[in-house]
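Inside the fold
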Amino acid sequence: MLATQSGRLNAVRTLVEAGADSQRKGVLWLNDEHTSYYGNVTSVAAGEGHTDVLAYLLDDLGIPVDDRERDPATGDDTGWTALQWAASAGQTEAVTVLVERGAVVDRAGDTLLLLAIRNGHATTAEMLLEVGAPVADASPDGMTALHWAAARLPATWVGMLLARGADVNATSSQGRTPLQVAALVGDVTFARLLVCEGATGAEAAQALAQERGHEAVVTVLGEVALEGSPDGAACAEGRAGALNQRVVALHGAGRYAEAVPLAREALAILEAALGPDHPDVALSLNNLAFLLRATGDYAGARPLLERALAIRETALGPGHPRVATSLNNLAGLLEATGDYVGARPLYERALAIRETALGPGHPRVATSLNNLAGLLEATGDYAGARP
């Protein structure tokens with residue numbers, strides 16, 4: 001088990017060839033209190049993320065993929081499976097190895113999804129959702145995946161879990177609902193979306209938010225308690241905001257193709273709820289444009305940035321700092337396509353706005369100066385770029 005924990009495949013092979021019994025179960029304690037342990041070699045490999053060792057144990061040595069650990073207290077094989085360890089530790093590649101070899105993902109009581117979400121492993125949790133891990137499983141204290149998502153993950157998980165049958169009003173043994181958990185941690189977007197999807201008990205959740213000093217949550221839940229139902233426009237904004245959280249995460253991971261349809265959906269929601277000329281629509285247009293640019297679709301990105309600029313100029317005024325941001329975004333796209341002539345006046349105007357609105361010493365003024373200098377350098381105007 002120690003060789004497996006170290007991830008040294010050659011050492012594991014050598015021990016097996018020398019006669020080590022790969023089927024023998026033991027205990028590898030993970031803390032001094034002896035409250036956490038590995039109880040078989042596949043759990044060690046999965047929990048530590050050593051996928052090459054894990055594949056060797058399963059494929060070459062024939063250890064059952066759903067082999068359970070031996071409980072050191074009872075001597076029974078009732079402990080975790082390797083898949084439970086992979087889920088809990090956020091070892092997504094190990095989950096893949098196990099699922100591809102037939103590991104059971106929907107056995108009641110294994111709480112695979114809950115284990116991943118409780119420890120904040122969004123990527124692993126998403127994969128488990130895709131392969132059919134049940135969302136309704138609860139831990140002995142009655143906490144469900146939705147409870148833990150409210151405490152650990154972005155608000156986009158509200159829709160992801162409810163679409164697969166999660167109970168929006170599930171109650172733990174302590175009487176906590178997902179809405180109350182969101183109130184306790186101060187996640188206003190998560191709280192709003194839960195209410196929009198039918199969560200009840202806004203007054204009790206509001207009291208918890210008040211105790212913790214989460215004023216934004218107090219305000220949102222207070223409006224619901226007063227009016228008796230959530231505001232439709234606010235719900236739309238919340239859903240779009242949750243989608244945009246997901247878009248940002250996918251963009252950061254380089255998963256642009258997955259992010260584009262979500263960005264389009266968020267834009268459509270905001271346009272329907274707020275109208276096509278609202279400043280929040282401009283932000284959503286920018287998000288979608290950045291994704292299209294990242295995929296190389298400059299032609300698709302340009303009209304979105306131009307529209308965002310027009311919205312901000314009309315709604316906020318031509319001298320607003322956000323107009324400068326839109327000018328900078330559009331100029332950057334033009335520069336990337338080689339249209340230096342078109343980009344230069346946009347960079348110059350963005351610089352002028354920022355100097356006036358923010359002051360000459362502001363960091364964004366420095367950014368504009370740097371952008372303009374880079375453009376001038378690209379056109380060979382070194383004398384202009386230098387100052």
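Here the structure is shown first, and the text comes after it.
Criteria and thresholds
- Residues numbered from 1 in each chain as written.
- Predicted model: local features only at pLDDT ≥ 70, side-chain atom pairs only at ≥ 80, totals over all residues.
- Heavy atoms only, no water.
- Disulfide = S-S within 2.5 Å.
- Helix = DSSP H or I, 4+ residues; strand = E, 2+ residues; numbered from the N terminus.
- Buried < 20%, exposed > 50% of the residue type's maximum accessible area, 1.4 Å probe, protein only.
- Core = buried A, V, L, I, M, F, W, Y, C linked by side-chain atoms within 4.5 Å.
- Contact = heavy atoms within 4.5 Å.
- Phe/Tyr/Trp six-rings, centres within 6.5 Å; stacked < 30°, edge-to-face > 60°.

1. Re the state of the cysteines
In this structure the tally under the stated criterion is one disulfide. In this model Cys196 forms its disulfide with Cys235; the gap between the sulfur atoms is 1.8 Å. In this structure, the disulfide formed by Cys196 and Cys235 twists by about -90 degrees around the S-S bond and is classed as left-handed. Note that Cys196 is positioned in helix H12 (residues 188-196) and Cys235 in helix H15 (residues 232-252), a separation of 39 residues in sequence. An identical accessibility class is assigned to Cys196 and Cys235; each is buried.

2. Concerning the nonpolar core
Counting residues in hydrophobic clusters, the biggest one holds 67 residues, and the most contacted among them are Leu98, Leu113, Ile117, Trp157, Leu161, Phe190 and Leu194. Broken down by element, this core gets its largest block of residues, six residues, from helix H7 (residues 112-118). Apart from the residues within four sequence positions on either side, Phe190 is in contact with Leu146, Ala149, Ala150, Leu153, Pro154, Ala155, Val158 and Ala182. Core analysis: the next-biggest nonpolar cluster, separate from the first, contains 40 residues, Val247, Leu305, Ala343 and Leu376 among them.

3. A few points about the packing of aromatic side chains
A full pass over the atoms with the stated rule returns three aromatic pairs. Ring centres 5.0 Å apart and planes at 65 degrees place the aromatic pair Trp80 and Trp85 in the edge-to-face group. On the accessibility criterion, Trp85 (11% relative accessible area) is buried. The rings of Tyr38, Trp80 and Trp85 are connected pair by pair, giving a single aromatic cluster.

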